[in-house]
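Below, each chain spelled out in residue letters.
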Amino acid sequence: MSTVSVAVVIVAAGLGTRLGHPVPKAFVEVGGRSLLAHAVDRVVQVPGVDQVVVVVPDAFVEDTWALLDTPLLTVVSGGADRTASVAAGLSVLVEHVDVVLVHDAARCFTPPDVFEAVVAAVRSGDVAVVPGLPVIDTVKEVDADGLVRRTPARASLRAVQTPQGFDRVTLDRAHASGTSATDDAALIEALGLPVRVVPGSDLAFKVTTPDDLDRAHAVLTTSTT
Ligand code: CTP
Ligand code: MG
């Protein structure tokens, strides 16, 4: 029987410009805990995770080691964009890891069962797996002048979330290209490799704006999540 070793890289090194708080977004508190701590609370409930790498702004590395009382934890400083922060996380993975999940700290209420579904799909042979939800709005592709180029059929669209799961060797290869993207799956697509979508969760929403922070407060007060 082969044993597969799983690591989760939580990227938390963004500034949170759109949220507009004086501290970086992952360190903003909801219900007395930071978004990052809420995310870690859920990640440690996922069975079979051997390493949790947290990527934070340089000035927060020391505090994060102290704040997160979690075995299996590694803390590193992030980069100028999300892709660079993920790469920093990948650079400290322990040798025996063969499945890597990349997760946004800002999606701090993503339930453990979404992680489990992503791991299961990678284990069953998919090199890249992302959670996604059907899109509610009709989405237009527009050009630089604001003119609509095309309207993709809504039924074929998914709004994708994290954690995104990968075969480690494939993800390392994708990052070796040195290009940036807003998610890791896009780097896999650029290699011409397949990316599988599994069902996401409403609770995996990303805290981006002040309204999202209100939603995060509501989640905490209306559920046991
Ligand atoms: N992220 C990161 N390093 C960066 C940029 C983003 O680790 N240089 C992380 C964020 O901390 C977040 C996730 O990537 O958990 C998704 O990014 P986003 O929601 O855009 O967060 P921010 O970049 O912090 O927010 P904004 O774009 O509003 O500044
Ligand atoms: Mg950003």
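Structure first, text after, so check above.
Calculation notes
Each chain carries its own residue numbering, running from 1 in the written order of its sequence. As they are written, the chains are lettered A onward and the ligands numbered 1 onward, keeping that order. With pLDDT at 70 or above as the cut-off, local features in this predicted model cover only qualifying residues; side-chain atom pairs require 80 or more to be listed or tallied, and sums for whole chains, interfaces and linings still use all residues. Only heavy atoms go into the side-chain values, all of them from the structure, while hydrogens and water stay out. Numbering of helices and strands runs from the N terminus, with a helix taken as a DSSP run of H or I at least four residues long and a strand as a DSSP run of E at least two residues long. This radius of gyration counts C-alpha atoms alone. The globule rule is 2.2 Å times how many residues there are, raised to the power 0.38. Here's how the labels work: a residue is buried when its accessible area is under 20% of the maximum for its type, exposed when over 50%, partly exposed in between, all with a 1.4 Å probe on protein chains only. All tallies of charge rest on Lys and Arg as positive and Asp and Glu as negative; His and the ends of each chain are not included. Lys charges are placed at NZ, Arg charges at CZ, Asp charges at CG and Glu charges at CD. In these notes, residues near a molecule or strand are those with any non-hydrogen atom within 4 Å of it. Between N or O atoms, a polar contact is any pair within 3.5 Å; within protein, one atom must be a potential hydrogen donor and the other a potential acceptor, and residues adjacent in sequence are included only when both atoms are from side chains. Classes in brief: Ala, Val, Leu, Ile, Met, Phe, Trp, Tyr, Cys and Pro nonpolar; Asp, Glu, Lys and Arg charged; the others, Gly included, polar. The directions from the helix axis to the C-beta atoms are what the arc is built from. Contact between two residues is taken to exist if any of their heavy atoms lie within 4.5 Å; hydrogens are not considered. Put simply, two rings from Phe, Tyr or Trp (the six-membered ring, in Trp's case) pair if the centres are within 6.5 Å, and we call them stacked under 30 degrees between planes, edge-to-face over 60, tilted for the rest. Whether a charge sits over a ring comes down to the Lys NZ or Arg CZ being within 6 Å of the ring centre and within 35 degrees of the ring normal. Salt bridges, as used here, are contacts in which a Lys or Arg side-chain nitrogen is within 4 Å of a carboxyl oxygen on Asp or Glu.

With that out of the way, let us pick up the overall build of the protein. Looking only at helices and strands, one finds 7 helices and 12 strands in the protein. Taking 2.2 N^0.38 as the reference for a compact globule, 225 residues should give roughly 17 Å; the C-alpha atoms of the protein span a radius of gyration of 17 Å, in line with that estimate. Counting every position in the protein, which comprises 225 residues, the buried fraction comes to 48%. Put simply, the protein has 17 plus and 27 minus side-chain charges, and the middle of one group is 7 Å from the middle of the other.

If you check the shell around ligand 1, you find 18 residues, and the closest are Gly16, Thr17, Lys25, Ser85 and Lys206. Contacts to ligand 1 include Thr17, whose backbone N or O atom sits 2.7 Å from an oxygen atom. Backbone polar atom of Ala80 to a nitrogen atom of ligand 1: 3.5 Å apart, as the coordinates give it. Looking at the shell around ligand 1, its residues break down into 7 nonpolar, 5 polar and 6 charged.

On to helix H5 (residues 168–176), then. Every buried residue of H5 is accounted for by Arg168, Thr170, Leu171, Ala174 and His175. Looking straight down H5, one finds its buried side chains confined to an arc of 160°; they lie on one side. Within H5, the exposed residues directed more than 90 degrees away from the buried face are Val169 and Ala176. Each element contacted by the buried residues of H5 is listed here: helix H3 (82–90), strand E6 (99–104), strand E11 (164–167) and helix H6 (184–190). Immediately downstream of H5, the backbone of Gly178 shows phi near 80°, a positive value.

Attention now moves to the packing of aromatic side chains. Per the stated rule, a full pass over the model turns up 2 aromatic pairs. Ring geometry for Phe109 against Phe205: centres 6.4 Å apart, planes inclined by 40°, an arrangement best described as tilted. Here Phe109, found in the loop between E6 and helix H4 (112–123), pairs with Phe205, found in the loop between strand E12 (196–199) and helix H7 (210–222); they are 96 residues apart in sequence, far enough to count as distant. Considered together, Phe109 and Phe205 belong to a single accessibility category, that of buried residues. It is Arg215 that lies over the ring of Phe205; its NZ or CZ is 4.0 Å from the centre.

A few words now on the pattern of salt bridges. For the structure on display, the rule yields 8 salt bridges. Arg168 is paired through a salt bridge with Asp172; the nearest N and O atoms lie 3.8 Å apart. One end of the pair, Arg168, and the other, Asp172, are both in helix H5, 4 residues apart, so they sit about a helical turn from each other. Assessed through its relative accessible area of 15%, Arg168 is described here as buried. We classify Asp172 as partly exposed; its relative accessible area is 34%. Counted as one network, the salt bridges with shared partners bring together Arg82, Asp104, Arg107 and Asp184.

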